[in-house]
Every structure is written in C-alpha cells, then in structure tokens.
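# Descriptive analysis of the structure
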Amino acid sequence: KLFIFKTIFGLVLLASGLLIIISLGTHNPEDPGLGKLQSFGDTTNFFGEFGALLSSTFLFLFGVYSYVIGLFIFFIGLLFLFGFLVKNIFLKFCLILFSSVLFNHIFVEISLYYTGTGIIYNAVANIAVNFLNNYNLAFIENYFFRLFINIAFFCSLILILFYVFNIKFKYLKK
C-alpha cells in the first residue's frame, strides 16, 4: 500500500512539476493572467488559459526563480516515483521558498532584471529597507558591505540548493 501511495504521489508531483515548468517556458505576457482576466484572443501558452494563469501567478510571486520551484517539485516527484526515501520534505520546500529571496536579491544587485523578482522578494526587501533606515546605518550603502552581503547570500543559496537537491561530493566526506 505504501508503494502504491508513493508511486501515485510521485506521479502527481512529477506531472505538477512538468506542468509548472512547461507553462513557465511557454509564458507570454500577452496571455490572460493575474490582473488580465480576459476571454478574447488566442492564448499561446501550451496549457491554454490555465497554463497562462499558472505561469502568471508563479512569476508574480517568485519571479524567474519559479523555474527552480517547478524543478524542485519535479525532482521530488521523480524520487517518490522511483521509491527513494525523501527526508525533511517540508523543510526542503520551505528552504526553496526562502532561497527565492536570496536568489532575487543577488539578481537585483547585479542589475540583471529587477522586474522579474516577484512580489515576495519585493515585500521582504521593502520591510528590510524600512527596518534598516530606522537606525541610520551608513555602512549599508558601502560597496564592500554590499559585496560581502551578496557573497554571503550566494554561498547560502548554493548550500541550500545542494541540501535540497541532495548534491554531495565524494571528496567532502571523511
């Protein structure tokens, strides 16, 4: 019974991850989505209006990092499907959501694409800026401080992704 449950759960997660990744990959800003619910015109998303709404929602919430969330759901589904034991799945999901803030911060700091960060990052960034502005901390605007923060965020992001996707190196073991 456990095998059947894990197989079905794995298939559902695998299909959900593929749905998210494909709908994000075929996202068109002209399609109906959040703030643009319309019933006229052609929807170019592979999954139609549902895919357009899904991709629009994910991009609104998480920005470009939505692809990693879709990949994570696909990866967990694949592990369940093949019968692997997945430990700390809730913690890993929370870490993926937290790492979206780190990724989007690095994304903004290197000035690649500010509009693709998602509302979650924008809310966290605004709260942090307002909190830090209350204390008049002049060193925050220092280039080297920002560089240090970005390096720390990048290292944290890498460690989180290695933990979540179970990436291990042989030479790190004793």
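Our structure's up above, just so we're on the same page.
Moving on, we come to unusual backbone geometry. We note that N88 has phi near 55°; this positive angle belongs to a residue other than glycine. Examined against the element boundaries, N88 turns out to sit in the loop between α3 (66-81) and α4 (89-109).

Attention now moves to the environment of V86. On the secondary structure map, V86 appears in the loop between α3 and α4. Residue classification places V86 among the buried positions, given a relative accessible area of 14%. Spatially, the C-alpha atom of V86 lies 7.6 Å from that of I76, the residues being ten residues apart in sequence. Sequence-distant contacts of V86, that is, excluding residues within four places in its chain, are made with I76, L79 and F80.

Our focus in this paragraph is the pattern of salt bridges. Taken as a whole and judged by the stated rule, the model has one salt bridge. In this structure, E109 and R146 form a salt bridge, with 2.7 Å as the shortest nitrogen-oxygen distance. With E109 in helix α4 and R146 in helix α6 (residues 143-164), this residue pair connects regions lying 37 residues apart in the sequence. Overall, the relative accessible area of 23% leaves E109 in the partly exposed class. By relative accessible area, which is 30% here, R146 ends up partly exposed.

Time to look at the nonpolar core. By size, the foremost hydrophobic cluster in this structure holds 22 residues, and its most contacted members are F58, I69, F72, I76 and I96. Within the residue set of this core, elements represented by two or more residues are α1 (2-25), α2 (48-62), α3, α4 and α6. By residue number, the principal contributor to this core is α3, which donates six residues. Apart from residues no more than four positions distant in its own chain, I96 is found in contact with Y65, V68, I69, F72, L161, V164 and F165.

Calculation notes
- Residues numbered from 1 in each chain as written.
- Predicted model: local features only at pLDDT ≥ 70, side-chain atom pairs only at ≥ 80, totals over all residues.
- Heavy atoms only, no water.
- Helix = DSSP H or I, 4+ residues; strand = E, 2+ residues; numbered from the N terminus.
- Buried < 20%, exposed > 50% of the residue type's maximum accessible area, 1.4 Å probe, protein only.
- Contact = heavy atoms within 4.5 Å.
- Salt bridge = Lys/Arg side-chain N within 4 Å of Asp/Glu carboxyl O.
- Core = buried A, V, L, I, M, F, W, Y, C linked by side-chain atoms within 4.5 Å.

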